[in-house]
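Tertiary structure, described
The residues making up each chain are set out below.
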There are 2 protein chains.
Amino acid sequence: MHNPATVGVGLLGLGVVGSAVAESILRRERDPGSSPRLSFRGAVVRDASRPRSVTLPGGILSTDPGSVLDNPDVQVVVEVMGGVNPAFDYISTALRAGKHVVTANKEVLAKRGDELLSLSMETGSHLYYEASVGGGIPILNTLADDLAGNEIRSIRAIINGTTNYILSKMGSEGADFNDVLAEAQQLGYAEADPTADVDAFDATYKISILARLAFRTSSSPDSIYREGIRQVAAKDFSYARELGYTIKLLAVARRSNGGLLLRVHPALVPVDVPIAKVNGPMNMVEVEGDLVGPLWLQGAGAGAKPTASAVMGDVLRVAREISGGGRSATQQSSPAGLSLTPMSEHSCEFYMRLTAADRPGVLAKVAGVLGDADISIRSVLQMDVDEKAGTADLVIMTHPAREANMQQAAARIRNLDVVVALDNLIRVEGYPSVP
Amino acid sequence: MHNPATVGVGLLGLGVVGSAVAESILRRERDPGSSPRLSFRGAVVRDASRPRSVTLPGGILSTDPGSVLDNPDVQVVVEVMGGVNPAFDYISTALRAGKHVVTANKEVLAKRGDELLSLSMETGSHLYYEASVGGGIPILNTLADDLAGNEIRSIRAIINGTTNYILSKMGSEGADFNDVLAEAQQLGYAEADPTADVDAFDATYKISILARLAFRTSSSPDSIYREGIRQVAAKDFSYARELGYTIKLLAVARRSNGGLLLRVHPALVPVDVPIAKVNGPMNMVEVEGDLVGPLWLQGAGAGAKPTASAVMGDVLRVAREISGGGRSATQQSSPAGLSLTPMSEHSCEFYMRLTAADRPGVLAKVAGVLGDADISIRSVLQMDVDEKAGTADLVIMTHPAREANMQQAAARIRNLDVVVALDNLIRVEGYPSVP
């Protein structure tokens, strides 16, 4: 099955991921036994004078996108620049020119993936993007190929390494968000501007991409319920632990009321389920299908080499398809799909932490408001009495309640005279039957 | 990308897995929107009068293998009979007739996979076998496709659900092997004749298949070091826990001394690594690649529906390739590969449990023998003194030692007058740097 034809590859972007991809391609070029054969034809960068970790052959580097996009020797374009512009235009140009595209760009796939995938279908050029979600974890191909015989019921994932690192540290050390964030920034686990991660934009892009593939359902990132981790306090971890939970930032896509409910938010997760045990910058995707049951994929969700692993997997897939003369149309999704179920229809148990007056009758008032909204209480903890202030922490766990009802009740509870503050309201992720 | 052509599928075998596959195919037949389109053309069984859980259309069932193998309307043959004979002949016949084959048969793939894969290359017919390892876990395609850019360093796996169920129960309940085995047999987790599972033949087949794909290295199951779980006692779990470990049956393929070392045996695993947390009949495969780092795939390793999930993934892959006109040659491996490193060259820490005389000087004698074999002791526990018998359990943990040295030392220790019995010798699985 050794195919003597070589497949020409061009790179857009030569940052840490691009450099790791370049090294992989160069290593394969040097190995005469590698199959399919790749040939490195060009790399486009913004600043050609910047020092690079990878040593490229002469004539490869250029600041002109045309050196790759208009190069007849390039059959596969690898886009690892990130961002929507100019990546969207470059990918479109490449697909229209009959070139196949492999990209690690979650933002352009989440925001304009429908257009790009349609264009790929029209032109017959492949568009592969395994690296855009979960780094080296092969979740897209698993959904597109291996689970193709399944009806997917749900995807629940830890797909942002920065926030999982921060939450794991908060949980294990009892540290506060701001301290751990500062430490993560020093260690390079968090960006100087951490918004994309800690406010969960990144996870929202990724669940949008997963939902398109697994449920054939398009969603703009704006249409997805999104809540970051800034509100989570060290206290919440210790109370959650007391109750048998830890706290994770989950991205969830689940069939609900005949539609698909997409949501990204911190959640209490029972300590004994697989997703609760994933710590540090690791990612985990839990998929449930009607045939396969639950399936868990865990690995490094970011980083140059793991991302390059996914990029190279796709490049070699395209190269095999070029050599074999066919296309398998994976990582595509026909535009059937489900409607989006609004977050207000979500139903789950809730964890509510209040600072309340430390005197009799407080719980009755809070319980009264919850009862009015049809929400019943599962358990109550009174913690951390502050005798000087005359207050205490009240931690309430509810039975399953509708999101809309809980939001109404929460607004009323905030206004009760006996309540100093509703400090946090965290959804509990349901695991009815875990093996 | 909707393709109006339908792909004809024939089934060899209609047991629990075959029935689940048949139901999946029939469900897709009824769904006009499914793509690629499948058409169920025949099912071969030994006894046509046996009642089945699935209701088949008339004319589908036959006791004549030719009704599928010689049927011009069948393009994909699904073999779910198991065993080497007559499966090997049927698969060969199908491949020679230009039919593609999807199989769940680990035994035929492990024992005669080289011949079948060569035949597939020669004839251009595809042979896919994702379902043969890890049930619904997409490990073969992950190795063949997604990690194609990696050099695989090691595979360590829990790939036998029966033994993991038994070991988990022994660990959590302090129960003995025979009691848990009997219970597992009642629950249907273990066969009436449990040899294939508890003596680790099944796991050996699977690691042989994984090694062929990941390291392009052929191994007959006979050439793989194999040790089952009958020797593991409840005591070993409690001592292991004391030392920070649990006990798992691991199947391991790892580069070693320029070759590949394959081994299947019970191992002490640190309690905090992912593979230690996989309990019950679940499977987990841990792959380490030079780019991706460690990657963990976890799911149901057996059962009708999970296995059908993997079979259907492969059937749909073949069907897409037939529709698309090409072949991607995945799940193949060119016959380069590594030589097999013998088990005697393995090196690891050891856990040794002795029943020894409870008097001074015993440890000095045992330590002397170990020292002669160049093995140093990391820690010693003296447990369970039996005053009546005048004996005690001695649990010795060693520093890394060569297998050959340890086997020599163990033989001498068995003969020491102060040693009543060398009750168990279990290898410790090394996890130098776990995230």
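Each value, and the rule that gives it
Residues numbered from 1 in each chain as written. Chains lettered and ligands numbered in written order. Predicted model: local features only at pLDDT ≥ 70, side-chain atom pairs only at ≥ 80, totals over all residues. Core = buried A, V, L, I, M, F, W, Y, C linked by C-beta atoms within 7 Å. Buried ≥ 20, exposed ≤ 12 C-beta atoms within 10 Å, placed from the backbone. Contact = placed C-beta atoms within 7 Å. Helix = DSSP H or I, 4+ residues; strand = E, 2+ residues; numbered from the N terminus. Nonpolar A, V, L, I, M, F, W, Y, C, P; charged D, E, K, R; others polar. Pairing = 2+ DSSP bridges. Domains from an automatic or database assignment. Axes fitted to C-alpha atoms, helices over the stretch in contact; angles between N-to-C directions. Parallel < 35°, antiparallel > 145°, perpendicular 65-115°, else oblique. Left-handed = near helix turned anticlockwise from the far one by under 90°.

Time to look at the nonpolar core. In this structure, A:Val21, A:Val78, A:Val311, B:Val21, B:Val78 and B:Val311 are the most contacted members of the largest nonpolar core, which totals 275 residues. Residues contacting B:Val78, with those up to four places away along its chain left out, are B:Val9, B:Leu11, B:Leu12, B:Val21, B:Val102, B:Val311 and B:Val315.

This part takes up the environment of B:Arg28. Residue and element names in this part refer to chain B. As for its position among the elements, Arg28 is in helix H1 (residues 16-30). Arg28 gets classed as buried once you count the C-beta atoms within 10 Å, which come to 24. Considering only alpha carbons, one finds Arg28 and Leu38, 10 residues apart in sequence, at a separation of 6.8 Å. Once you skip the residues sitting within four places of it in the chain, Arg28 turns out to touch Ser34 and Leu38.

Quick look at the interface of chain A and chain B now. Between chain A and chain B, the residue contacts involve 52 residues of the former and 52 residues of the latter. Only helix H5 (139-146), strand E11 (282-289), strand E12 (293-300) and helix H11 (304-324) of chain A provide two or more residues apiece to the side of chain A that touches chain B. If you tally residues by element for the side of chain A that touches chain B, the top one is H11(A), at 11 residues. Here the side of chain A that touches chain B is built from residues that sort into 22 nonpolar, 21 polar and nine charged. Across five bridges, the pairing between E12(A) and strand E12 (residues 293-300) of chain B is antiparallel. Bridging from a neighbouring strand, A:Gln298 pairs with B:Trp296 of E12(B).

In this section: the sheet that holds strand E2 (residues 37-44) of chain A. Residues and elements named next belong to chain A. A sheet is described by the order of its strands in space; here six strands give the open sequence E3-E2-E1-E4-E5-E6, paired in parallel fashion. Unpaired on one side and paired on the other, strand E3 (61-62) and strand E6 (127-128) mark the two borders of the sheet. Across four bridges, strand E4 (residues 76-79) lies against strand E5 (residues 100-103) in parallel orientation. Looking at E5, one finds that Val76 is bridged to His100.

Residues and elements named next belong to chain A. Domain boundaries in chain A define domain 1 (6-135 + 304-324), domain 2 (139-300) and domain 3 (346-428). Taken together, the contacts link 14 residues of domain 1 with 16 residues of domain 2. Ranked by residue count, the leading element in the side of domain 1 that touches domain 2 is helix H4 (residues 106-123), at seven residues. Here the residues of the side of domain 1 that touches domain 2 are counted per class, giving five nonpolar, four polar and five charged.

Residues and elements named next belong to chain B. Here H1 crosses helix H11 (residues 304-324) at 55°, and the two axes come no closer than 8 Å. Relative to H11, H1 is oriented oblique. For the pair H1 and H11, the crossing hand works out as right-handed. Counted together, Val16, Val17, Ser19, Ala20, Val21 and Ser24 of H1 and Ala304, Lys305, Thr307, Ala308, Val311 and Met312 of H11 form the full contact between these two elements. Taken together, the residues that form the contact of H1 with H11 break down as eight nonpolar, three polar and one charged.

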